[in-house]
Amino acid sequence: MIPYGRQSVGQAEIDAVVEVLRGEKWTQGPKIGEFELALSAKTSAPFVAAVCNGTAALHLACLALDLGPGDRLWATPISFVASANCARYCGAEVDFIDIDPQTRNLSVGKLAQKLQRAKAENRLPKILVAVHFAGLPCDMAAIWELSQEYGFSVIEDAAHALGSFYRDTAIGSCRYSHITTFSFHPVKTIATGEGGAVCCRSEELGQRIKMLASHGIERNAQNFTHHQQQPWYYEQQLLGFNYRLTDIQAALGVVQLQRLGEFVAKRRELVTRYNQLLTTLPLTLPVEPPQHLAAWHIYVVEMAPQIRDAVIARLHERKIASNVHYHPIHLQPHYRKLGFTEGDFPEAEAYARRALTLPLYPELSFAEQDQVVSALESVL
Ligand SMILES: *Cc1c(COP(=O)(O)O)cnc(C)c1O
């Protein structure tokens, strides 16, 4: 079976993991800081906290920005459910902005209209989660400008976009946001098994995120609120979680990050090749605007909705796994129970009926890619 995505692992990763396994520190050791520094170098993020997965990264981002009951978080319906669930963990309300069918990212025009209405009704969001869908950056300058005008915080959910650039700015730098989160799940651009990171510009916010990722515990005596001299003393100052990454995973991450350029180049080469090979088929292909660079986490084509599910079944018969990214979040049973329904976000719903994700990962060979293309040719 050709999967739709998978990790790429070499001897260097295996050696790095074994070295940690033979060592003393499996967690809370030096590999964490090494990985955070390397990620900061790749993304230009001033502050990085490595955490146990991308969902925890989003939860921490919301907690650090003080999201709570009575607050609102806005997200896009075309994302993984974690992009909205992070608000629910904090007891906040979720609402969505429909997508721009060209980029499949949240529509900045619709965002501006919705903000205007929300201001009149005194229902402005506290946080906007902008997802760089498939690795194609959202229009961050425009989003940042709106955040300044209406006073909300911006989280970039960059689970798809490690290695992407918005204009000349690396995703993760937080130049146009308060916080950026990453995931290192095996289908993402780099993999640590489970894993994630939170990036931000402010040291103060960064320290708070690190504390929240480790039970809300402070170990630096200079920051204690109750003065204690004993070396065993630590203080729990906030209600945090155990969202730490292990050193075993961080060692894997350090080597994977060294290969980021290789991974992105390979993904981009395969996308260019798909675009050339599929051009005559009745499909809508992804487009990269000239001013941005997409790391292409997934390759999504669109087709007539009547045939989409049959195409998935035919590809499966030919041992090709395709996928749908995503069934709109607001139509998941959990969100329907909160009052969302069909027709709420028509562009997202129309896209979701047409979308098909084809296999894309660095080790997909040209021969396997040709197999996918000829399967599509005969099926369509
Ligand atoms: C993968 C993903 C997440 C969650 O990451 P995990 O590491 O699996 O928890 C969040 N948002 C998006 C858009 C994702 O693709």
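Residues numbered from 1 in each chain as written. Predicted model: local features only at pLDDT ≥ 70, side-chain atom pairs only at ≥ 80, totals over all residues. Heavy atoms only, no water.

Take the sheet that holds strand β9 (residues 196–200) next. Read from one edge of the open sheet, seven strands run β1-β9-β8-β5-β4-β2-β3, paired in mixed fashion. Each end of this open sheet is capped by a strand with a single partner; those strands are β1 (47–51) and β3 (93–96). Geometrically, the sheet is characterised by an average inter-axis angle of 20° between neighbouring strands, direction not taken into account. Both strand β8 (residues 179–183) and β9 contribute to a ladder of five bridges, which runs antiparallel. Residue pairing for β9: Thr 181 is matched across the bridge by Val 198. The strands touched by helix α2 (residues 30–43) within the sheet are β1, β8 and β9, with β1 carrying the most contacts at an inclination of about 130°. Along the sheet, helix α6 (residues 140–150) makes contact with β4 (127–131) and β5 (153–157), crossing β5 at roughly 155°. (Pairing = 2+ DSSP bridges. Helix = DSSP H or I, 4+ residues; strand = E, 2+ residues; numbered from the N terminus. Axes fitted to C-alpha atoms, helices over the stretch in contact; angles between N-to-C directions. Contact = heavy atoms within 4.5 Å.)

According to the stated counting rule, one finds zero disulfides in the structure shown. The closest cysteine sulfur to the non-disulfide-bonded Cys 52 is located on Cys 86, 14 Å from its own sulfur. The class of Cys 52 is buried, set by a relative accessible area of 15%. Left without a disulfide partner, Cys 86 is nearest to the cysteine sulfur of Cys 62, which lies 3.7 Å away. (Disulfide = S-S within 2.5 Å. Buried < 20%, exposed > 50% of the residue type's maximum accessible area, 1.4 Å probe, protein only.)

Attention now moves to the pattern of salt bridges. Taken as a whole and assessed by the stated rule, the structure comprises 15 salt bridges. Among the ionic pairs, Arg 273 bridges to Asp 370, the shortest N-O distance being 3.0 Å. Placement of Arg 273 in helix α9 (residues 260–277) and of Asp 370 in helix α13 (residues 366–379) is noted, with a sequence separation of 97 residues between them. Given the relative accessible area of 32%, Asp 370 is considered partly exposed. Shared partners join several salt bridges into a network, and the residues in it are Glu 13, Arg 259 and Glu 262. (Salt bridge = Lys/Arg side-chain N within 4 Å of Asp/Glu carboxyl O.)

What follows deals with a nonpolar patch on the surface. Taken together, Val 9, Ile 14 and Val 18 make up a surface patch of nonpolar side chains, about 210 Å² in accessible area. Residue placement: Val 9 occurs in the segment before α1 (11–22). On the basis of relative accessibility, which here comes to 45%, the residue Val 9 falls in the partly exposed class. (Patch = residues over 30% accessible without salt bridge, like charges linked within 9 Å, V, L, I, M, F, W, Y side chains within 5 Å. Areas by Shrake-Rupley, 256 points an atom, 1.4 Å probe, with all protein chains shown as cover.)

Looking now at the environment of Tyr 89. Within the fold, Tyr 89 resides in helix α4 (residues 82–89). Judged by its relative accessible area of 43%, Tyr 89 falls in the partly exposed class. Between the C-alpha atoms of Tyr 89 and Pro 69, which are 20 residues apart in sequence, the distance is 9.9 Å. Filtering out sequence-adjacent residues up to four positions away, Tyr 89 remains in contact with Thr 55 and His 59.

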